[in-house]
Amino acid sequence: MGAMASHTVGFDLDMTLIDSRPGIRACYLRLAEDTRTHIDADAAVSRLGPPLEWELSHWFPQERVPEMVARYRELYPTYAIEPTPALPGAADAIRAVQELGGRAIVVTAKNRPQAALHLTHLGLEPDELVGGLWAEAKAEALRAHGASVYVGDHTGDVRGAHTAGALSVAVPTGPIGAQELREAGADVLLADLTEFRPWWKAYVGNADH
């Protein structure tokens, strides 16, 4: 197999490629103000990873969650894009895959339109973006695109990688520490994405020989 066929890498978005905490926090604060409902925005951004519906169910009765999801998503472009930076090494990790003839795809629980706004704003240019998939469900997209590696910050990302039969590369840049990621079964642990390029070059070199 050539590099193009065998080396597709999936990346999670929130807290793997981008530090989405400032923007998401701003959204929750505005939603709390609009609905006159207490939302602990600091607690919410300390556990990013699961779908929006899961977090909103902490603050609203179940029957109001769909309405609150819609309102949050209306607020999101105004409040969440501008304050959200790329994490160190994010752009370089995507480029590293592409420069060695591979494909870089983003597979995220965030809905696709909002994920696309972040990528465009930050100049991140993966080959494909798939939204709305969390944990084991991420395996659908990873399998569909033939990804052999999935990079993420959450134990849900480790499960998604393994469900797809892909190598799990974990970065403790989100809410989950290195020890917990190891215990969840991460195959490779990097401090952050600045370590991805040298690891990837070695991985591709070994796979192609």
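Reference entry: report on the structure contained in this document.

What counts and how
Residues numbered from 1 in each chain as written. Predicted model: local features only at pLDDT ≥ 70, side-chain atom pairs only at ≥ 80, totals over all residues. Heavy atoms only, no water. Salt bridge = Lys/Arg side-chain N within 4 Å of Asp/Glu carboxyl O. Helix = DSSP H or I, 4+ residues; strand = E, 2+ residues; numbered from the N terminus. Buried < 20%, exposed > 50% of the residue type's maximum accessible area, 1.4 Å probe, protein only. Arc of directions from axis to C-beta. Contact = heavy atoms within 4.5 Å. Phe/Tyr/Trp six-rings, centres within 6.5 Å; stacked < 30°, edge-to-face > 60°. Axes fitted to C-alpha atoms, helices over the stretch in contact; angles between N-to-C directions. Parallel < 35°, antiparallel > 145°, perpendicular 65-115°, else oblique. Left-handed = near helix turned anticlockwise from the far one by under 90°. Nonpolar A, V, L, I, M, F, W, Y, C, P; charged D, E, K, R; others polar. Pairing = 2+ DSSP bridges.

1. Here's the deal with the pattern of salt bridges
- Under the defined criterion, the tally for this structure stands at 14 salt bridges.
- A salt bridge links D92 to R197; the shortest N-O distance between them is 2.8 Å. In this pair, D92 sits in helix 6 (residues 90-99) while R197 sits in helix 11 (residues 196-207), placing the two residues 105 residues apart along the sequence.
- Owing to a relative accessible area of 25%, D92 belongs among the partly exposed residues under this scheme.
- For R197, a relative accessible area of 22% gives the class partly exposed.

2. Side note on helix 6
- Residues of helix 6 that are buried include every one of A90, A93, I94, A96 and V97, and no others. With its buried residues spanning 155 degrees around the axis, helix 6 presents them on a single face.
- On its buried face, helix 6 sits against strand 1 (8-11), strand 2 (103-107) and helix 11.
- Remark: G101 follows helix 6 within two positions and exhibits a positive phi of approximately 85 degrees.

3. Section: the packing of aromatic side chains
- Tallied over the full model, the rule gives 8 aromatic pairs.
- The interplanar angle of 15 degrees and the centroid separation of 5.8 Å between the aromatic rings of F196 and W200 together place this pair among those described as stacked. In this pair, F196 and W200 are both assigned in helix 11, 4 residues apart and thus about one turn of the helix distant.
- Consider the rings of W200 and Y203, whose centres lie 5.5 Å apart with planes at 25 degrees: the pair is stacked. Here W200 and its partner Y203 are both found in helix 11, 3 residues apart, which amounts to about one turn of the helix.
- Overall, Y203 belongs to the partly exposed group, its relative accessible area being 22%.
- Feature note: the residues F11, F196, W199, W200 and Y203 constitute an aromatic cluster, connected by ring pairs.

4. Brief notes about the packing of helix 6 against helix 11
- At a closest axis distance of 9 Å, the pairing of helix 6 and helix 11 adopts a crossing angle of 20 degrees. Here helix 6 is positioned roughly parallel relative to helix 11, judged by the angle of their axes. As helix 6 runs across helix 11, the sense of the crossing is right-handed. Residues D92, A93, R95, A96, V97 and E99 of helix 6 touch helix 11, and the partners they reach there are F196, R197 and W200.
- The residue makeup of the contact of helix 6 with helix 11, split by class, is 5 nonpolar, no polar and 4 charged.

5. A word on the sheet that holds strand 1
- The 6 strands are arranged 3-2-1-4-5-6 in an open sheet whose pairing can be described as parallel. Of all strands in the sheet, those bounded by a partner on one side alone are strand 3 (128-130) and strand 6 (188-189).
- Bridge count between strand 2 and strand 3: 3 bridges; the pairing is parallel. Across the sheet, residue I105 finds its bridge partner in strand 3, namely E128.
- Contacting strand 4 (147-152) and strand 5 (167-170), helix 9 (residues 155-163) runs over the sheet at an angle of about 160 degrees to strand 5.

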